[in-house]
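Residues per chain, in single letters:
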Amino acid sequence: MIVTVTLNPAVDHTLAIPDLPEDGEIARTDDARVDPGGKGINVSKYLVELGTETTATGITGDFLGQFVRDSLTEKGIDNDFVDIEGRTRLNTTILTADSEYKINHDGPAVNGHAIETLLETIERNDPDTVVVGGSLPPGLGPDAIDRIARAGDWQTAVDVGGDVLRDLDASYTLCKPNREELAVATDRPIDSLEDCYDAVERLQTMGYDRVVASLGADGAIMATPDGLLHAAALETTVVDTVGAGDSLLAGVLAALERGATDEEALRSGVAVAAQVVSVPGTTVPPLDDVPTRLESVPVSSPEPFSR
Ligand SMILES: Nc1ncnc2c1ncn2[C@@H]1O[C@H](COP(=O)(O)OP(=O)(O)OP(=O)(O)O)[C@@H](O)[C@H]1O
Ligand SMILES: O=P(O)(O)OC[C@@]1(O)O[C@H](CO)[C@@H](O)[C@@H]1O
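Because the structure is a prediction, the values reported are computed rather than measured. (Residues numbered from 1 in each chain as written. Chains lettered and ligands numbered in written order. Predicted model: local features only at pLDDT ≥ 70, side-chain atom pairs only at ≥ 80, totals over all residues. Heavy atoms only, no water.)

Student: Please provide a residue-by-residue account of the domain arrangement of the chain, values included.
Tutor: Per the domain assignment, the segments of the chain are domain 1 (1–18 + 32–128) and domain 2 (161–306). Centre-to-centre separation of domain 1 and domain 2, based on C-alpha positions: 21 Å. Contacts between domain 1 and domain 2 engage 21 residues on the former and 23 residues on the latter. In total, domain 1 and domain 2 occlude about 1,800 Å² of area from one another, counting both sides; carbon and sulfur atoms represent 64% of this. (Domains from an automatic or database assignment. Contact = heavy atoms within 4.5 Å. Buried area = accessible area lost by both parts, 1.4 Å probe.)

Next comes the structure, spelled out in structure tokens:
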């Protein structure tokens, strides 16, 4: 069972217009969608499609929080959120003919009492693995994530900002930085694949058994206890990369949960992500053909890799 924790969920509003309007102009479109979002919630959405048992938890509030809970329930995604006074945020993605713009709210203030209740919620859902994904809402610091990681006999994976990755103190089974987050976490520039290999190995020494660094169109790198792997991205028609990292993480975790090797897990993550970037918003595309695509993911290693 994988329990995801989204401390700062969102309602994702995604709209498509040919170009951004000029100052004072109004762009009109009904090419838009509204999805329950937030990194942990997205991981649960993709895990369900991959047939992996999961429950989405976190902290929600007010009518937008109710929308998140109701939408997940309608989609058959088990969820168990802590409700607060504040309002769950609305995050907006604008897709134009050649660009993507994202505007995220900071989110509602959250206090330690909500975390106490959340720890009870996580325990109640009896996880093998807990995944904490996304930004911290105002009022919470990295110590809240460390408390979650230390609160039970589950293993914890994280997909959080680079500054948070740098400041976490507990031990984690896996983290999933993107290129920018990796650079911040290791305080070094990431300009080449070699820089990335060095940075993921550095991050491993900071308390992460495995590091999956997502590199956009350059695929992903995985630092494992047995060495380094690089998977090139699969050719695909890119519509919207929002949620790409969440889907990569879901593919990796779903594979590891069923006993796959690290290489198989990396292949799975990249294959899932290739499907997800080809649909708008954080829609969940069909993923039942992922197993047939694994062998087409090019995987290499910069060093001898023991299985
Ligand atoms: N242009 C692309 N073509 C093919 N695959 C892509 C492309 N962009 C992203 N991907 C796939 O999605 C994965 C994650 O992408 P990315 O590095 O953008 O994650 P991210 O920045 O964490 O995304 P987000 O935070 O929006 O979820 C990549 O490792 C790759 O497998
Ligand atoms: O502000 P955060 O928590 O870093 O990111 C939130 C978010 O952009 O991440 C998801 C895509 O990964 C979206 O569902 C959501 O809007």
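Next comes the rest of the description.
Student: I'd love a proper account of the environment of T173, names of residues and values included.
Tutor: By secondary structure assignment, the location of T173 is in strand β10 (residues 172–175). Those residues within four positions of T173 in sequence are excluded, and the remaining contacts are Q155, T156, A157, D209 and R210. A distance of 3.4 Å separates the side chain of T173 from the side chain of Q155, its partner in a polar contact. (Helix = DSSP H or I, 4+ residues; strand = E, 2+ residues; numbered from the N terminus. Polar contact = N/O pair within 3.5 Å; in protein donor to acceptor, adjacent residues only side chain to side chain.)

Student: Give a detailed account of the packing of helix α3 (residues 112–124) against helix α4 (residues 142–150), specifying residues and quantitative values.
Tutor: Remark: α3 packs on α4, axes separated minimally by 10 Å, with the N-to-C direction vectors making an angle of 30°. Here α3 lies roughly parallel to α4, going by the angle between them. As α3 runs across α4, the sense of the crossing is right-handed. Contacts between α3 and α4 involve I115, E116, L118, L119 and I122 from the former and A144, R147 and I148 from the latter. Residue composition of the contact of α3 with α4, by class: 6 nonpolar, no polar and 2 charged. (Axes fitted to C-alpha atoms, helices over the stretch in contact; angles between N-to-C directions. Parallel < 35°, antiparallel > 145°, perpendicular 65-115°, else oblique. Left-handed = near helix turned anticlockwise from the far one by under 90°. Nonpolar A, V, L, I, M, F, W, Y, C, P; charged D, E, K, R; others polar.)

Student: Mind laying out the packing of aromatic side chains, listing which residues take part and the relevant values?
Tutor: Using the criterion set out here, one finds 1 aromatic pair in the structure. The interplanar angle of 25° and the centroid separation of 5.7 Å between the aromatic rings of Y172 and Y208 together place this pair among those described as stacked. Pair noted here: Y172 is in strand β10 and Y208 is in strand β11 (residues 208–214), with a separation of 36 residues, a long-range link. This pair shows no difference in class: Y172 is buried, exactly as Y208 is. (Phe/Tyr/Trp six-rings, centres within 6.5 Å; stacked < 30°, edge-to-face > 60°. Buried < 20%, exposed > 50% of the residue type's maximum accessible area, 1.4 Å probe, protein only.)

Student: So what's going on with the sheet that holds strand β3 (residues 32–37)? Residues and values would help.
Tutor: The 4 strands lie next to each other as β3-β2-β6-β7, forming an open sheet whose pairing is mixed. Because the sheet does not close on itself, it has two edges, and the strands there are β3 and β7 (100–103). Across the sheet, the mean angle separating the axes of adjacent strands is 20° when strand polarity is ignored. Direction of pairing for strand β2 (residues 10–16) relative to strand β6 (residues 89–95): parallel, over a ladder of 7 bridges. Across the sheet, residue H13 finds its bridge partner in β6, namely T92. Lying on the sheet, helix α2 (residues 62–74) is in contact with β2, β3 and β6; it crosses β3 at an angle near 85°. (Pairing = 2+ DSSP bridges.)

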